[in-house]
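Architecture at a glance
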Amino acid sequence: MDRWGSAPPRGARARARLVGHGATADAHHMTSPHPTGAGAEAALRAALADAGATPEDVAHVNAHGTSTRLNDLVEAQVLSRVLPHAPLVTSTKGVTGHLLGAAGAVEAAFTVLSVEHALVPPTSGLTTLDPKIHIEAATAAVPLDIPLAVSNSFGFGGQNAVLAFAAA
């Protein structure tokens, strides 16, 4: 990652800009998310505030999306509360698997590529959403102008991190 403006002098091009981040630790449980998603919600709201963005500015979310009932339900509820306009959501873990400590970095890279190419990848393997989940999930690749996207990463022990990326 380069500081803004440092890539062109060395012949590189900017793919997107990291414009905000938020991180919390709710320490609810060793492996389960907090049932209300309080920490994840606070991290998402902090990333938007750091970016100087409103929830309506978000066009795309790369969800943590572990495909577990508890995680996906809690994350979807957080997204519905914070982003009620229902931006397009994908999860890339169906392609990569859960990469543990590397998951956040790889998912951030996918999010940057989505912003750069104005294309949201499908959620591989998704056929039917849990009826309790109310998000707009990408089931096929969708061309989309993405002025702002967020990448959610949640870790063991209640670690929650959200990065906000804007078009370059």
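This text goes with the structure placed above it.
Residues numbered from 1 in each chain as written. Predicted model: local features only at pLDDT ≥ 70, side-chain atom pairs only at ≥ 80, totals over all residues. Heavy atoms only, no water.

**Thoughts on the side chain of Glu 41**
- By the element assignment, Glu 41 lies in helix α1 (residues 38-51).
- In contact with Glu 41, other than residues within four places in its own chain, are Val 78, Arg 81 and Val 82. (Helix = DSSP H or I, 4+ residues; strand = E, 2+ residues; numbered from the N terminus. Contact = heavy atoms within 4.5 Å.)

**Topic: the nonpolar core**
- If you look at the biggest cluster of nonpolar residues, it comprises 20 residues, and the most contacted ones within it are Leu 44, Leu 48, Val 58, Val 61, Leu 83, Leu 148 and Val 150.
- Secondary-structure elements contributing two or more residues to this core are α1, α2 (69-82), β7 (148-155) and β8 (159-167).
- Counting residues per element, this core draws most heavily on α1, at five residues.
- Excluding its chain neighbours within four sequence positions, the residues that come into contact with Val 150 are Leu 44, Leu 48, Val 58, His 60, Val 61, Asn 62, Thr 111, Val 162, Leu 163 and Ala 164.
- One finds Val 112, Val 115, Ala 138 and Ala 149 within the second-largest nonpolar core, a separate group that totals 11 residues. (Core = buried A, V, L, I, M, F, W, Y, C linked by side-chain atoms within 4.5 Å. Buried < 20%, exposed > 50% of the residue type's maximum accessible area, 1.4 Å probe, protein only.)

**Here we look at the pattern of salt bridges**
- Across all of its chains, the model carries five salt bridges by this definition.
- When the shortest N-O distance is used, the salt bridge between Glu 116 and Arg 15 registers 2.9 Å. Remark: Arg 15 occurs in the segment before β1 (16-25) and Glu 116 occurs in helix α4 (residues 103-117); sequence separation between them is 101 residues.
- Through salt bridges with shared partners, a single ionic network connects Arg 13, Arg 15 and Glu 116. (Salt bridge = Lys/Arg side-chain N within 4 Å of Asp/Glu carboxyl O.)

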